[in-house]
Amino acid sequence: AAAVKAKVTLVEKHRMGGDCLNTGCVPSKALIKAARLIAQARRAREFGLNSMEVEFDFAEIMERVRRVVKAVEPHDSVERYTALGVECLRGAARITSPWTVEVRNGTEVRSLSTRAIVIAAGARPLVPGIPGMEQIGYLTTDPMWELRELPHRLLVLGGGPCGCELAQCFARFGSRVTVVDVLPRLLVREDPEVAGLLERRFRDEHIDLRLGHKVSRILREGGEKLLVCEHGGKEVGIAFDELLCAAGRVANTAGYGLEELGISTTSSRTIETNEYLQTLYPNIYACGDVAGPYQFTHTASHQAWYAAVNALLGGVKKFRADYSVIPWATFTEPEVARVGLNETEAKEKSIPYEVATFGVDDLDRAIADGETQGMVKVLTVPGRDRILGATIAGEHAADLLVEFIMAMKHSIGLKKILGTIHIYPTLSEGSKYAAGNWRKAHAPQGLLRWAEKFHAWRRG
């Protein structure tokens with residue numbers, strides 16, 4: 001907005017950069033890097049090395065995470081946005097009318113008048129109301145980064161992307177990790193065979209998976225902290241030292257005036273918006289985690305463009321937010337990345353599809369690297385090469401997925417991916433081979449029979 005010379009004020013009551021910089025994407029990826037190095041060192045014999053010993057201090061690893069956050073911090077700083085022409089205010093904002101916002105910082109109160117308001121208040125960790133949880137104590141992804149002592153027994157509540165990433169990290173550092181989820185498998189939004197790859201890897205790394213376990217209460221018994229679950233009609237007690245709650249996130253919708261203005265929320269507890277990201281009041285917009293339906297930084301940035309442009313144009317022209325090509329990834333090992341439909345969703349929505357797959361275990365570079373767990377799986381329109389969705393599981397899956405994101409965004413089919421030169425030997429060839437498997441399944445049989453007869457005639 002400032003780039004097109006609008007007068008813009010940004011209000012932040014806590015830390016610039018929000019969850020992604022301070023407690024989410026950035027610190028978790030720094031932690032994952034350290035854990036992966038330790039895991040690779042333990043596989044030294046696979047690569048012809050007699051041994052590779054790794055000594056580490058968990059406190060120093062967490063200090064390095066803090067340093068990474070500090071290094072990235074200038075990208076989201078007040079100084080940067082001020083230089084871009086944005087007025088940055090520190091304080092708690094409250095929308096007092098559709099046209100005014102009050103900002104309070106200690107005893108100082110300032111009132112702003114505006115033509116348009118964009119709510120980008122983000123989300124916070126969801127903490128389920130489990131009896132005994134508050135009394136025993138727990139961690140979420142917000143205070144977790146203050147840990148300096150490695151938990152001996154870590155119980156992770158939640159088998160979604162966040163829970164899986166952190167569970168694998170702490171297991172690699174040496175914690176005895178147990179993952180508990182009421183759902184029957186990890187990463188329930190992904191296809192069963194994709195989730196199965198990760199479950200097998202977790203068990204190989206001695207992570208205790210308690211899936212299909214319904215949590216009933218938390219208590220202290222004989223000096224032990226216990227999570228009590230129901231499973232198979234029986235009660236099961238799981239001992240732990242630290243509990244990490246990774247049960248999802250909930251939008252921040254309270255405390256800044258929505259209730260007083262009558263701006264409603266959805267069943268998923270996000271702010272209700274229309275296709276232009278407008279709320280009940282046409283000049284008040286919402287984007288990012290607070291608006292849903294996705295909770296990814298890249299989706300929030302995508303929505304922010306629509307919210308800003310629609311707000312600036314003042315109804316002269318409006319743009320519908322486009323969710324047709326939304327990618328995401330889980331940064332476990334193996335990584336899991338997806339864009340568009342997978343088989344599970346296609347079946348739920350009764351959308352006709354065909355599947356083309358390629359196993360990473362047959363890919364030359366993956367074999368050379370010793371990273372053969374994974375697959376490329378593509379859904380297409382029946383009889384056509386138009387891509388409905390793609391899932392990649394394996395090394396660098398999130399980076400490799402970009403080819404399919406680009407293809408879907410610009411209506412490029414599998415034939416053109418197959419006809420594109422991919423460098424040998426690279427992991428990116430997996431996408432080409434999946435396209436090749438689609439082509440084989442749609443080979444013109446009549447023409448092949450004719451070709452066979454033609455070549456036989458030429459041989460004489």
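Residues numbered from 1 in each chain as written. Predicted model: local features only at pLDDT ≥ 70, side-chain atom pairs only at ≥ 80, totals over all residues. Heavy atoms only, no water.

## Topic: the pairing of strand β13 (residues 234-240)
Rule in force here: Think of it this way: DSSP has to see at least two bridges between two strands before they count as a pair. Where helices and strands are cited, they refer to DSSP runs of H or I of at least four residues and of E of at least two residues respectively, numbered from the N terminus.
Note: strand β12 (residues 224-231) against β13, seven bridges, orientation antiparallel. Each residue of the ladder has a partner; that of Glu230, found in β13, is Glu235. Between β12 and β13, which follow one another and run antiparallel, lie two residues, and Gly232 among them has a positive phi close to 60°.

## As for the pairing of strand β5 (residues 108-113)
Bridging between strand β4 (residues 100-105) and β5 involves six bridges; their strand directions are antiparallel. Bridging from a neighbouring strand, Val101 pairs with Leu112 of β5. Between the antiparallel neighbours β4 and β5 lie two residues, among them Gly106 with a positive phi of about 65°.

## Here's the deal with the environment of Glu55
To keep things clear, this is the line we draw: A simple rule labels every residue: compare its accessible area, found with a 1.4 Å probe on the protein chains alone, to the largest value its type can have, and call it buried under 20%, exposed over 50%, or partly exposed in between.
By the secondary structure assignment, Glu55 is in the loop between α2 (25-42) and α3 (58-72). Judged by its relative accessible area of 81%, Glu55 falls in the exposed class. Counting along the chain gives 17 residues from Glu55 to Ile38, while the straight-line C-alpha distance between them is 9.0 Å.

## Some details on the sheet that holds strand β20 (residues 375-380)
The following threshold applies: Fitted lines through C-alpha atoms give the axes, limited to the stretch in contact for helices. The angle between two N-to-C directions lies from 0 to 180 degrees.
One open sheet holds the five strands; their spatial order is β17-β18-β21-β20-β19, and the pairing between them is antiparallel. Where the open sheet ends on each side, the last strands, each with one partner, are β17 (327-330) and β19 (354-359). In this sheet, adjacent strand axes meet at a mean angle of 10° when their direction is disregarded. As judged from the six bridges shared by β19 and β20, these two strands associate in the antiparallel manner. Bridge pairing in β20 places Val355 opposite Leu379.

## Focus: the pattern of salt bridges
Applicable threshold: Salt bridges are counted wherever a side-chain nitrogen of Lys or Arg sits within 4 Å of a carboxyl oxygen of Asp or Glu.
Under the criterion given, the structure shown has 31 salt bridges. Taking the shortest distance from any N to any O, the salt bridge between Asp19 and Arg249 comes out at 3.6 Å. Here Arg249 lies in strand β15 (residues 249-251) and Asp19 lies in helix α1 (residues 18-22), a separation of 230 residues in the sequence. Classification of Asp19 by relative accessible area gives partly exposed; the value is 25%. Across the salt bridge formed by Glu165 and Lys29, the nearest N and O atoms sit 3.4 Å from each other. Of the two residues, Glu165 sits in helix α6 (residues 161-173) while Lys29 sits in helix α2, which places them 136 residues apart along the sequence. The network of salt bridges with shared partners includes Arg36, Arg172, Arg201, Glu205, Glu333 and Glu395.

## Digging into the environment of Ile421
Relative to the helices and strands, Ile421 is located in the loop between α14 (414-418) and α15 (429-441). Here Ile421 falls in the exposed class, since its relative accessible area comes to 79%. For the pair Ile421 and Ile351, spaced 70 residues apart in sequence, the C-alpha to C-alpha distance is 32 Å.

## Remarks on the sheet that holds strand β11 (residues 214-221)
Strands in a sheet are paired, the pairing made by backbone hydrogen bonds, and the direction either parallel or antiparallel. Ordered in space as β11-β12-β13, the three strands form an open sheet in which the pairing is antiparallel. Each having just a single partner strand, β11 and β13 make up the two edges of the open sheet. This sheet shows a mean twist of 25° between the axes of neighbouring strands, independent of strand direction. As paired elements, β11 and β12 share seven bridges and run antiparallel to each other. Opposite Ile218, over in β12, you have Leu227 as the bridge partner.

## Some remarks on unusual backbone geometry
The step from Gly292 to Pro293 runs through a cis peptide bond, and the omega angle for that step is 0°. Inspection of the secondary structure assignment puts Pro293 in the loop between β16 (284-286) and α9 (297-313). Of note, Arg269 is a non-glycine position whose phi angle comes to about 70°, a positive value. Mapped onto the elements, Arg269 comes out in the loop between α8 (258-261) and β16. With a phi angle near 55°, Ser411 is a residue other than glycine that sits in the positive phi range. Within the secondary structure, Ser411 is located in the loop between α13 (402-409) and α14. Given the relative accessible area of 69%, Ser411 is considered exposed.

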